[in-house]
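Each chain, written out:
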Amino acid sequence: MKRRTRNKIILWTLAAAAVAVLVGGTVALVLTAGTWKAKMKKSHEKICNKGWECSGSKYCCNDTITDFFQPYQFENLFSKRNTPIAKAVGFWDYQSFILAAALFEPLGFCTTGGKQMQMMELCAFLGHVGAKTSCGYGVATGGPLAWGLCYSHEMSPKQDYCDKGNTQYPCVDGVEYYGRGALPVYWNYNYGAVGDGIQQDLLHHPEYLEQNATLAFQAAMWRWMTPMKKKQPSAHDVFVGNWKPTKNDTLSKRFPGFGATMNVLYGDQICGKGFPDDMNVIISHYQYYLDLMGVGREHSGDNVDCSEQIAFNPSAKTDDQQQQQSG
């Protein structure tokens, strides 16, 4: 190869390298600027304070729960909870619910999106609560959906719900971990995890959830707002649209909506089994509350059931009251 040709090749190679460095530096600069802009945007995100109910969060800039949910509406939704034959007369009340919600509204609980979405989430959460604490039946006065918050705990426990193999939250001698609360908590490991979440020693004192309605609602809201495993959504996330399904989710027929909240909370105890009564009852309570709140069941959203969904956390445990173990 002639010296002149070789020199040209060397010059072109150096020029190309220089261009590559320049372009690379430009791209890096653009990416850095983009990251900086994103951080600036986040740091300038509007934060609102609305007193004791919601402060220090962008979600507090929206309506708070007391703006659209009043004591008389709570009474309408749970109209039979204090009848003489109910099992938790005088326990559940509006004030306890609002006090509990104040801890979670700054995190987006019923404060995400516009007013309709906020009301839908309220009805969705309470739909689960109403179904899980109901003592209604087909010919009950007022209909079977009017009897939510009838119970505060499991009436006739079949067992003590102690998993002696769990070392993270070992059973306490003499303590029984039967169902208690607004979204009943079962098993020692679930009491331990929920207790950590709401900063209460529920492992030693699970009875708190049947003695204090505010704590009982807090435990249920924590469960609603908290993913059970990393890289999985919470019930809140799948309902309000924070969660974007992956390809695997799509193949498993998991899509955002009320149906996915049942998947998060109960997994294959309810989901992927067609239309069992347990699932239908929860959906019925949700839509009943939508009607009573003036939203209307026509605004139930997409993917209301989980009849074909594969569970996020498949379980081999067969007890229909055992919750998924926290991961």
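Placed above this text is the structure.
Remember, predicted model here, so these are calculated numbers, not experimental data. (Residues numbered from 1 in each chain as written. Predicted model: local features only at pLDDT ≥ 70, side-chain atom pairs only at ≥ 80, totals over all residues. Heavy atoms only, no water.)

A. Structural view of the state of the cysteines. Taken as a whole, this structure holds five disulfides when the rule is applied. Covalent S-S linkage joins Cys48 and Cys61, the inter-sulfur distance amounting to 2.0 Å. Between Cys48 and Cys61, the disulfide has an S-S torsion of 100 degrees and is therefore right-handed. Residue Cys48 is located in strand S1 (residues 48–49), and its partner Cys61 is located in the loop between strand S2 (55–57) and helix H2 (65–68); the two are separated by 13 residues in the primary sequence. Covalently, Cys162 is tied to Cys171 through a disulfide, its sulfur atoms 2.0 Å apart. Its S-S torsion of approximately 115 degrees makes the covalent link between Cys162 and Cys171 right-handed. When its relative accessible area of 18% is taken as the criterion, Cys162 is described as buried. Between Cys110, a free cysteine, and Cys123, which holds the nearest cysteine sulfur, the sulfur-to-sulfur gap is 8.7 Å. On the accessibility criterion, Cys110 (0% relative accessible area) is buried. (Disulfide = S-S within 2.5 Å. Helix = DSSP H or I, 4+ residues; strand = E, 2+ residues; numbered from the N terminus. Buried < 20%, exposed > 50% of the residue type's maximum accessible area, 1.4 Å probe, protein only.)

B. Molecular detail of the packing of helix H5 (residues 115–132) against helix H12 (residues 277–292). The geometry of H5 relative to H12 is characterised by a closest axis approach of 8 Å and an angle of 135 degrees between their N-to-C directions. The angle between H5 and H12 falls in the class oblique. Considering only the axes of H5 and H12, their crossing is right-handed. Residues Met120, Cys123, Ala124, Leu126, Gly127, His128, Gly130, Ala131 and Lys132 of H5 touch H12, and the partners they reach there are Val281, Ile282, His285, Tyr286, Tyr289 and Leu290. Here the residues of the contact of H5 with H12 sort into 10 nonpolar, four polar and one charged. (Axes fitted to C-alpha atoms, helices over the stretch in contact; angles between N-to-C directions. Parallel < 35°, antiparallel > 145°, perpendicular 65-115°, else oblique. Left-handed = near helix turned anticlockwise from the far one by under 90°. Contact = heavy atoms within 4.5 Å. Nonpolar A, V, L, I, M, F, W, Y, C, P; charged D, E, K, R; others polar.)

C. Region of interest: the packing of helix H4 (residues 94–101) against helix H8 (residues 213–225). Close contact between H4 and H8 brings their axes to 8 Å; oriented N to C, the two are set at 45 degrees. On the basis of the axis angle, H4 is oblique to H8. For the pair H4 and H8, the sense of crossing is right-handed. The segment H4 lies against H8, with Ser96, Phe97, Leu99, Ala100 and Ala101 engaging Ala213, Thr214, Phe217, Gln218 and Met221. A breakdown of the residues in the contact of H4 with H8 according to their chemical character gives seven nonpolar, three polar and no charged.

D. The nonpolar core, seen in detail. Among the nonpolar cores identified, the biggest contains 87 residues, and Phe69, Phe97, Phe109 and Phe125 are the most heavily contacted of them. Of the residues forming this core, the biggest block, 10 residues, is contributed by H8. In this structure Phe69 touches Phe74, Leu77, Tyr94, Phe97, Leu122, Leu126 and Met293, once residues within four positions along its chain are discounted. (Core = buried A, V, L, I, M, F, W, Y, C linked by side-chain atoms within 4.5 Å.)

E. Local environment of the pattern of salt bridges. Across all of its chains, the model carries six salt bridges by this definition. Two residues, Glu210 and Arg180, come together in a salt bridge whose shortest N-O distance is 2.6 Å. In this pair, Glu210 is assigned in helix H7 (residues 208–211) and Arg180 in the loop between H5 and helix H6 (188–198), connecting sequence segments 30 residues apart. The buried category is assigned to Arg180, whose relative accessible area is 4%. The partner of Glu308 in a salt bridge is Lys253, with the nearest N and O atoms 3.4 Å apart. Pair noted here: Glu308 is in the segment after H12 and Lys253 is in the loop between helix H10 (247–251) and helix H11 (258–266), with a separation of 55 residues, a long-range link. With relative accessibility at 53%, the residue Glu308 sits in the exposed group. Classification of Lys253 by relative accessible area gives partly exposed; the value is 40%. (Salt bridge = Lys/Arg side-chain N within 4 Å of Asp/Glu carboxyl O.)

Limitation: the analysis is restricted to geometry and does not speak to function.
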